[in-house]
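Chain by chain, the residues run as shown.
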Amino acid sequence: MRIGFIGLGNMGRHMARHLIHAGHLVTVHDTRPEAAAEHLALGATWADSPAACAEGAELLLTMLPNPRIVEEVLLRGGAAQALAPGALWIDMSTSTPAAAERVAAEVLDARGVRRLDAPVSGMARGAEAGILQIFAGGADDDFRIALPVLEAMGDPDRILHVGPIGAGYSVKLMINLLWFSHLVATSEVLAMGVKAGVDLGVLRSSLLASPAASNFLESDIMCVLADGDYDDSFAMALACKDLGLAIDLGRDLGVSTELSALVEQIYRRAKAEHGDLAGEMSPVRLYESLAGREFRLPNPAAALDDAALVL
C-alpha cells in the first residue's frame, strides 16, 4: 500500500519503520530531514513538504505533537489538498475532534477524503516494539481498510474500534487524564505513608493487596522506584499539553473538571521546577521533596515478586 507518514519523532520514527518492514511503500516527511535517515536507508522515499508526502498516497498517517500542528500540516502545509478523492487520512496524534473537524470542513469533505482518528498508547517503548495500543474512531469500512496497517504498528489484540469519528481522540485524552491522576494520587499517598514511618516496600505491598490496587502502582511507577527513571521519553511539556486538551474537552462538553484541573496545576508546577523536557513522571519529585527522601526500593526484583503474590 502507498503510505505517506508525517511526523518522525520519538513515536513516529518507530511506527514508520514498522510500516516499511511490513512491505508498504512509505513516503516520509518531518521538519527535521535528518530524522528520516534510517527510513531512507530502509527504502522509504523522502518528501520535501507535507503536500508532497500526501500526493499519491492511499493512506496518509500523521503523528504530530498537538492539534495546532495537525492543522498546520494538513491545511497550511497542503497535505489535505494533495490527498486524492477516496484516500484515507489516519491521524494518530493526541489531538481533538474539533481540530480534525476544521480540517474536514475546510478541505477533506469536499474532496471526498475519508478519515480515522487513531491515537496510540504505549509510549516510545511500545512504538519501538510494535505493540502499541490503538484507539480508532471512524466508519467501520474505513477501520477495516486501515486495520492491516495499524497491526503493523500495534498489538492486534489491543487495536480497538471505539466508535465514530472523534471517539479515538476522546478515549486517548481520557486515558492520559486518568493516568496522570493516578500518578499524582499515588505520589501523594506514598509521601504521606513514608513520612509517617511506614517502609516504602511494605506500603506498596499493602496497597497492592487492597481495593486501592492499580496497574500504575503495580508496574508503571516501578521505573521510578527501581531506577530513578522519570521517563523522559515523554516530556512534561507534552504531558501538560495533553492535560490541557482533556480539560478543554470537559469544558466543551459541560462536564466539571475540578479534580483534573488540580492535577494539571501540579503537573505545571513540576514542569516549572524541572523543565519542559523533564520526564512525564517528574511530579513524583514534588512529593519526594515533601517526604524528604527519594522513593526507591532497595530490592526491586523482590518487590515485583511480592506484588505477584498479593494480586
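Check the entry above for the structure.
Residues numbered from 1 in each chain as written. Predicted model: local features only at pLDDT ≥ 70, side-chain atom pairs only at ≥ 80, totals over all residues. Heavy atoms only, no water.

Time to look at the overall build of the protein. When helices and strands are counted, the protein shows 16 helices and nine strands. Taken over the C-alpha trace, the protein has a radius of gyration of 21 Å; the compact-globule value for 311 residues is 19 Å, and the two agree within 12%. Summarising its shape, the C-alpha atoms of the protein cover approximately 65 × 45 × 35 Å along the three principal directions. Counting the 311 residues in the protein, one finds 52% classified as buried. Long-range pairs, those at least 24 residues apart, make up 69% of the contacts in the protein with a sequence separation of at least 6. With an accessible surface of roughly 13,600 Å², the protein has 56% of that area assigned to carbon and sulfur atoms. Of the charged side chains in the protein, 24 are positive and 40 negative; the average position of the first set lies 3 Å away from that of the second. (Helix = DSSP H or I, 4+ residues; strand = E, 2+ residues; numbered from the N terminus. Rg over C-alpha atoms; globule rule 2.2 N^0.38 Å. Buried < 20%, exposed > 50% of the residue type's maximum accessible area, 1.4 Å probe, protein only. Contact = heavy atoms within 4.5 Å. Areas by Shrake-Rupley, 256 points an atom, 1.4 Å probe, with all protein chains shown as cover. Lys, Arg positive; Asp, Glu negative; His and termini not counted. Charge placed at Lys NZ, Arg CZ, Asp CG, Glu CD.)

What follows deals with the pattern of salt bridges. The final tally for this structure, using the stated rule, is 16 salt bridges. Across the pair R76 and E72 runs a salt bridge whose closest N-O atoms are separated by 3.5 Å. In this pair, R76 and E72 are both assigned in helix 4 (residues 67–76), four residues apart and thus about one turn of the helix distant. For R296, the salt bridge is made with E294, and the minimal N-O distance between the two is 3.6 Å. Through salt bridges with shared partners, one network takes in R13, R17 and E38. (Salt bridge = Lys/Arg side-chain N within 4 Å of Asp/Glu carboxyl O.)

Our next topic: helix 10 (residues 200–208). Where helix 10 is concerned, the buried positions are L200, L203, R204, S205, L207 and L208. Its side-chain oxygen at 3.0 Å from the backbone nitrogen of G201, D199 defines the N-terminal cap of helix 10. (Polar contact = N/O pair within 3.5 Å; in protein donor to acceptor, adjacent residues only side chain to side chain.)

The next subject is the pairing of strand 1 (residues 2–6). The side chains of a regular strand alternate between both faces of the sheet. Burial analysis of strand 1 places four of its five residues in the buried class, which makes it a mostly covered element. At this point the chain moves from strand 1, through helix 1 (residues 12–21), to the parallel strand 2 (residues 25–29), and the crossover so formed is right-handed. In terms of strand pairing, strand 1 meets strand 4 (residues 59–62) through four bridges, oriented parallel. The residue of strand 4 that forms the bridge with I3 is L59. (Right-handed = clockwise from strand over helix to strand, strands pointing away. Pairing = 2+ DSSP bridges.)

Right, let's get into the nonpolar core. Among the nonpolar cores identified, the biggest contains 40 residues, and L183, Y267, M281 and F295 are the most heavily contacted of them. If you list the elements that add at least two residues to this core, you get helix 9 (167–195), helix 10, helix 11 (215–220), helix 12 (222–227), helix 13 (236–253), helix 14 (258–274) and helix 15 (283–291). It is helix 9 that contributes the most residues to this core, nine residues altogether. Beyond its immediate sequence surroundings of up to four residues, L183 is in contact with F216, Y267, E280, M281, P283 and V284. Residues A35, A127, L132 and I159 belong to the second largest nonpolar core, which totals 34 residues. (Core = buried A, V, L, I, M, F, W, Y, C linked by side-chain atoms within 4.5 Å.)

In this section: the environment of Y230. Within the element layout of this structure, Y230 appears in the loop between helix 12 and helix 13. Sequence separation between Y230 and A278 is 48 residues; the distance between their C-alpha atoms is 7.7 Å. For Y230, the residues in contact, after removing those within four places along its chain, are V224, G279, E280, M281, S282, V284, R285, E288 and R296.

Direction vectors running N to C along helix 9 and helix 14 enclose 65°, while the axes themselves pass 10 Å from each other. The orientation of helix 9 relative to helix 14 falls into the category roughly perpendicular. Crossing angle aside, the handedness with which helix 9 passes helix 14 is left-handed. Of the residues in helix 14, those touching helix 9 at L177, W179, F180, S181, L183 and V184 are S260, V263, I266 and Y267. Here the contact of helix 9 with helix 14 is built from residues that sort into eight nonpolar, two polar and no charged. (Axes fitted to C-alpha atoms, helices over the stretch in contact; angles between N-to-C directions. Parallel < 35°, antiparallel > 145°, perpendicular 65-115°, else oblique. Left-handed = near helix turned anticlockwise from the far one by under 90°. Nonpolar A, V, L, I, M, F, W, Y, C, P; charged D, E, K, R; others polar.)

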